[in-house]
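# Residue-level structure breakdown
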Amino acid sequence: MTQPRTITIEANGLTFTADEMGEGDAVALFLHGFPESRWSWRYQLPLLAKMGWRAVAPDMRGYGQSSRPKGVEAYKVEHLVEDVAGMFEALGAKRRILIAHDWGALVAWVFAIEKRLPLDGLVIMNVPHPGTLARARWNVRQWLKSWYIGFFQLPGVPELALTANGGRAVVRAFRESAIDKSRFSDADVEPFRRNVLIPGAASAMVNYYRANFPGLGRYGAGPRIEVPTLMVWGEEDIAIGIEFTQGYEGFVKDLTLNRLPNVSHWVQQEAPEKVNEHLTAWLKAKGLAQ
């Protein structure tokens, strides 16, 4: 299989390291989540390049080899949205797709809600629209699932937990919650383990939670998303209840939902064949395959 090129992108006053496949001004930008990196999209980059897109997966701010600004405020979602806009602009994008998972998906939702730049398509994996987060206030089961958000507010302690024993907590995060653990070999998780040990990286990663919870629900009152949207959801997500895939009529005009049974939160890595099958069908159905 052809390997991606590693590039650097200067955007929003920062430098982003990214993997890239394909050419042209139709850009599919992939946004990863916690505690991941651009490596999360190794199975999807070749597909989008094959379908005519310049597929680009950056390490988001604070992660991997990308810039790591200091301080909690630097990780507010409005700055993350500007990172995405800046990367699209730096890449000369005339057509744009966002494909995103976990924290990347929250950023993608806000980017689309605010219509920061026109999108041709939006793909979300295992994170609900901010407007549905209000339901969590009355959902005791979801409070229990989201315990780690409270833990991440503590000063210093989460960083120690993430980096202890050579970053073994990051490895456990994948393996203990995955259904198909064979997808998370030592080679598969090594980039994530290694990245959390970079000086300052653990704090940057946790600062996404410190800077934005509570408060993301305010974006749920924004305008309805008009761009065609695909949601792919691993049903065995231990962090977010499956009920958050419902009730999108007022939030998204054109939503396609594909639920994957016996697949965990790490959907695009654990079930890449199924995810890519749904991506292919949706891109063709929406006229986004070139």
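We now turn to the structure provided with this report. (Residues numbered from 1 in each chain as written. Predicted model: local features only at pLDDT ≥ 70, side-chain atom pairs only at ≥ 80, totals over all residues. Heavy atoms only, no water.)

### A word on the overall build of the protein chain
Operational definition: Helix and strand definitions follow DSSP, with helices as H or I runs of at least four residues and strands as E runs of at least two, each counted in order from the N terminus. We compute the radius of gyration over the C-alpha atoms and compare it with the globule rule, which gives 2.2 Å times the number of residues raised to the power 0.38. Relative accessible area decides the class of each residue, using a 1.4 Å probe on protein chains only: under 20% of the type maximum gives buried, over 50% gives exposed, and in between gives partly exposed. Pairs of residues are marked as contacts when any of their non-hydrogen atoms sit within 4.5 Å. Surface accessibility follows the Shrake-Rupley procedure with a 1.4 Å probe radius. Residue values consider only the protein chains on display as shielding.
Of the regular secondary structure elements, the protein chain holds 10 helices and eight strands. What you see for the protein chain is a C-alpha radius of gyration of 17 Å, in line with the 19 Å of a compact globule of 290 residues. Taken across its 290 residues, the protein chain has 58% of its residues classed as buried. When contacts within the protein chain are restricted to residue pairs at least 6 apart in sequence, long-range pairs at least 24 apart make up 75% of them. Total accessible area on the protein chain is roughly 11,800 Å²; 56% of this is exposed by carbon and sulfur atoms.

### What to know about the environment of alanine 74
Note that alanine 74 resides in the loop between β4 (54-58) and α2 (77-90). Along the backbone, alanine 74 and glycine 104 are 30 residues apart, and their C-alpha atoms lie at a distance of 16 Å. In this view, alanine 74 contacts Arg61, Pro69 and His79; residues no more than four positions away in its chain are not counted.

### Focus on the pattern of salt bridges
For clarity, the cut-off: For this analysis, a salt bridge means a side-chain nitrogen from Lys or Arg found within 4 Å of a carboxyl oxygen belonging to Asp or Glu.
Counted under the stated rule, the structure contains 23 salt bridges. Salt-bridge contacts for glutamate 159 lead to arginine 210; the nearest nitrogen and oxygen are separated by 2.8 Å. You can see glutamate 159 sitting in helix α6 (residues 157-177) and its partner arginine 210 sitting in helix α8 (residues 201-212), a full 51 residues away along the chain. Glutamate 159 sits in the buried class, given a relative accessible area of 12%. Arginine 210 sits in the buried class, given a relative accessible area of 17%. With a closest N to O distance of 3.0 Å, aspartate 254 and lysine 286 form a salt bridge. Within this pair, whereas aspartate 254 is found in the loop between β7 (229-234) and β8 (255-260), its partner lysine 286 is found in the segment after α10 (272-285), the two being separated by 32 residues in sequence. On the accessibility criterion, aspartate 254 (24% relative accessible area) is partly exposed.

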